[in-house]
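Coordinate analysis (summary)
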Amino acid sequence: MSTDKNLVVALSGGIGGAKLALGLSRVMPAADLVVVGNTGDDFEHLGLSISPDLDTLMYALAGLDDPQRGWGRRDETWTFMTALSKLGGETWFQLGDGDLATHVERTRRLRHGESLSAITADLCARLGIAARVLPMTDDTAQTILFTTEGPLDFQDYFVRLRCEPEVLKIEYEGAADAGVHPDVLAALEDPALRAVVICPSNPFLSINPILAVGTMRGAIANCAAPVVAVSPIIGGRAVKGPTAKLMTELGRRATAAAVAQLYVDLLDGYVIDHADAHDAAAVADLGIPVAPAHTLMRTLEDREALARHVLATADALPKKTA
């Protein structure tokens, strides 16, 4: 068996993580990329099982994503939502016609006993995706936000209420008892593992739910390959979503260094934007080497360049000692 270091495991939420996952899939053999997707956002709506982050990853890797919205499929049509609205149905969570097909098929297959991971693998194959996309677990693990308006499921907070309530604490219900997918554990133990990449996704809503599953955090901490994270903060602000707002409400500064502190037990390297160079010393004080880069991914070239930088950063780190 070859022991060439060619396998990469990436932890990802939705939009930001999917951009880097796409970049990685284009600068390395895509078949050697394992993307672990957050399912803490998954929920049932209109009787359908919806996995927003897995779908965002699939559409991005298949070249089907909408570049304007960042979520859903490009060239989408909305006949279903228009008809639903006229019937007085719930329209706060938008489901495009093409996107709807994904949810209908997933729901049908789940009800026939297939696992989420098996369904995701088949959908990816049908969309021509060479990278392997795995849900963080096939079990139920839900992100619950305790807010000034009471406990809220993620989609209620994020979509229906537009992140407006103040968040007091976050819990990952069921995560500790959920099983990490065995193929994720196998990848983390594989001698061919080159790196673990924590994508620039919301640490509280996208990455921590993954790390909270079963033995996931320990398996990553104990893997032989370097673990490199990319900060989701640029110049004290999140590119998209409520990351900075949440950090402030949960008693942390909205800085690249504060994000590094959340992963301090895992990281061997950390990529920050040049705009956050002033945070480099604080990250270094945590014992984490810093590799500044241009992290704002507006174009495909940006995604590829950041992916190359992340892999080069991992390759340059000292080998771990047992």
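Position numbers for residues count from 1 along each chain, tracking the sequence in the order it is written. Given that this is a predicted model, residues contribute local features only at a pLDDT of at least 70 and side-chain atom pairs are listed and counted only at 80 or more, while totals for whole chains, interfaces and linings are drawn from all residues. Water and hydrogen atoms were dropped before computing side-chain values, which therefore reflect all heavy atoms in the structure.

1. Quick word on the sheet that holds strand β9 (residues 193–198)
Quick note on the threshold: For two strands to count as paired, DSSP must find a minimum of two bridges between them. Runs of H or I in DSSP of at least four residues are treated as helices and runs of E of at least two as strands, each being numbered from the N terminus. What counts as an axis is a line fitted to C-alpha atoms, over the stretch in contact for a helix, and the angles between N-to-C directions run from 0 to 180 degrees. Every residue pair with non-hydrogen atoms within 4.5 Å of one another is taken to be in contact.
Read across the sheet, six strands follow the order β5-β2-β1-β9-β10-β13 without closing on themselves; strand pairing throughout is parallel. Of all strands in the sheet, those with a lone pairing partner are β5 (132–135) and β13 (269–271), marking the two edges. Direction aside, neighbouring strands of the sheet carry axes that sit 20 degrees apart on average. Both strand β1 (residues 7–12) and β9 contribute to a ladder of five bridges, which runs parallel. Bridge pairing in β9 places Val-8 opposite Ala-195. Together, β1, β9, β10 (227–230) and β13 form the strand contacts of helix α13 (residues 300–316), whose direction differs from that of β10 by roughly 145 degrees.

2. Some thoughts on unusual backbone geometry
Among all residues except glycine, the phi angle is most often negative; among peptide bonds, the trans geometry is most common. The condition is simple: Relative accessibility decides the category of a residue: with a 1.4 Å probe and only protein chains considered, values under 20% of the type maximum give buried, values over 50% give exposed, and everything between is partly exposed.
Positive phi outside glycine occurs at Asp-75, with the angle close to 55 degrees. Along the chain, the position of Asp-75 falls in the loop between α2 (52–61) and α3 (79–86). Residue classification places Asp-75 among the exposed positions, given a relative accessible area of 73%.

3. Observations regarding the pairing of strand β6 (residues 142–147)
Two elements, β6 and strand β8 (residues 167–173), share six bridges in a ladder whose sense is antiparallel. Of the residues in β8, the one forming a bridge with Phe-146 is Lys-169. Relative to strand β7 (residues 150–153), β6 is paired through four bridges, and the arrangement is antiparallel. Paired with Ile-144 across the two strands is Asp-153, which belongs to β7.

4. Observations concerning the pattern of salt bridges
Spelled out, the test is: What counts as a salt bridge is simple: a side-chain nitrogen of Lys or Arg found within 4 Å of a carboxyl oxygen of Asp or Glu.
Applying the stated criterion across every chain, the model contains 15 salt bridges. Residue Arg-26 is joined to Glu-304 by a salt bridge in which the shortest nitrogen-to-oxygen separation is 2.5 Å. Here the residue Arg-26 occupies a position in helix α1 (residues 15–27), and Glu-304 occupies one in helix α13, the gap between them amounting to 278 residues. The partner of Arg-108 in a salt bridge is Glu-105, and the shortest N-O contact between them spans 2.7 Å. Placement of the pair is Arg-108 and Glu-105 together in helix α4 (residues 97–111), with a separation of three residues, close to one helical turn.

5. Observations concerning the packing of aromatic side chains
Keep this limit in mind: Two rings from Phe, Tyr or Trp (for Trp, the six-membered ring) form a pair when their centres sit within 6.5 Å of each other. Planes less than 30 degrees apart are called stacked, planes more than 60 degrees apart edge-to-face, and all others tilted.
Enumeration according to the criterion identifies four aromatic pairs in this entry. A centroid spacing of 4.9 Å and a plane angle of 70 degrees characterise the contact between Phe-43 and Phe-93, whose relative ring orientation is edge-to-face. A residue pair is termed long-range when its members are at least 10 positions apart, and Phe-43 in strand β3 (residues 43–45) and Phe-93 in the loop between α3 and α4 qualify at 50 residues. Neither Phe-43 nor Phe-93 differs from the other in exposure class; each is buried. When the centroid spacing of 5.9 Å and the interplanar angle of 80 degrees are considered together, the rings of Trp-92 and Phe-93 count as edge-to-face. Joined through ring pairs, the aromatic side chains of Phe-43, Trp-92 and Phe-93 make up one cluster.

6. Focus on the packing of α4 against helix α5 (residues 116–126)
Test applied: Under this scheme an angle from 65 to 115 degrees is roughly perpendicular, one under 35 degrees roughly parallel, and one over 145 degrees roughly antiparallel; angles in between are oblique. Left-handed describes a crossing whose near helix is turned anticlockwise from the far helix by less than a right angle; the clockwise case is right-handed.
The interhelical angle for the contact between α4 and α5, taken along N-to-C directions, is 140 degrees, at an axis separation of 10 Å. With respect to α5, the element α4 is oriented oblique. Taken as a pair, α4 and α5 cross one another with a handedness that is right-handed. Taken together, the residues of α5 that come into contact with α4 (itself represented by Thr-102, Glu-105, Arg-106, Arg-109 and Leu-110) are Leu-116, Ile-119, Asp-122 and Leu-123.

7. Remarks on the nonpolar core
Definition in use: We define the nonpolar core as a collection of buried residues of types Ala, Val, Leu, Ile, Met, Phe, Trp, Tyr and Cys that are connected through side-chain atoms lying within 4.5 Å of one another.
Core analysis: the biggest nonpolar cluster contains 54 residues, and Val-9, Leu-11, Val-36, Ile-220, Tyr-263 and Tyr-270 have the highest contact counts within it. If you tally residues by element for this core, the top one is helix α11 (residues 256–262), at six residues. One finds Ala-18, Ala-21, Val-35 and Ala-293 within the second-largest nonpolar core, a separate group that totals 37 residues.

8. Examining the pairing of β1
Just so we agree on the cut-off: For the handedness criterion, the strands are oriented away from the viewer, and a crossover whose path from the first strand over the helix to the second runs clockwise is classed as right-handed.
Where burial is concerned, most of β1 is hidden: six out of the six residues are buried. Neither face of β1 is exposed, since Leu-7, Val-9 and Leu-11 on one face and Val-8, Ala-10 and Ser-12 on the opposite face are all buried. Once you follow β1 into α1 and on to strand β2 (residues 33–37), the crossover reads as right-handed.

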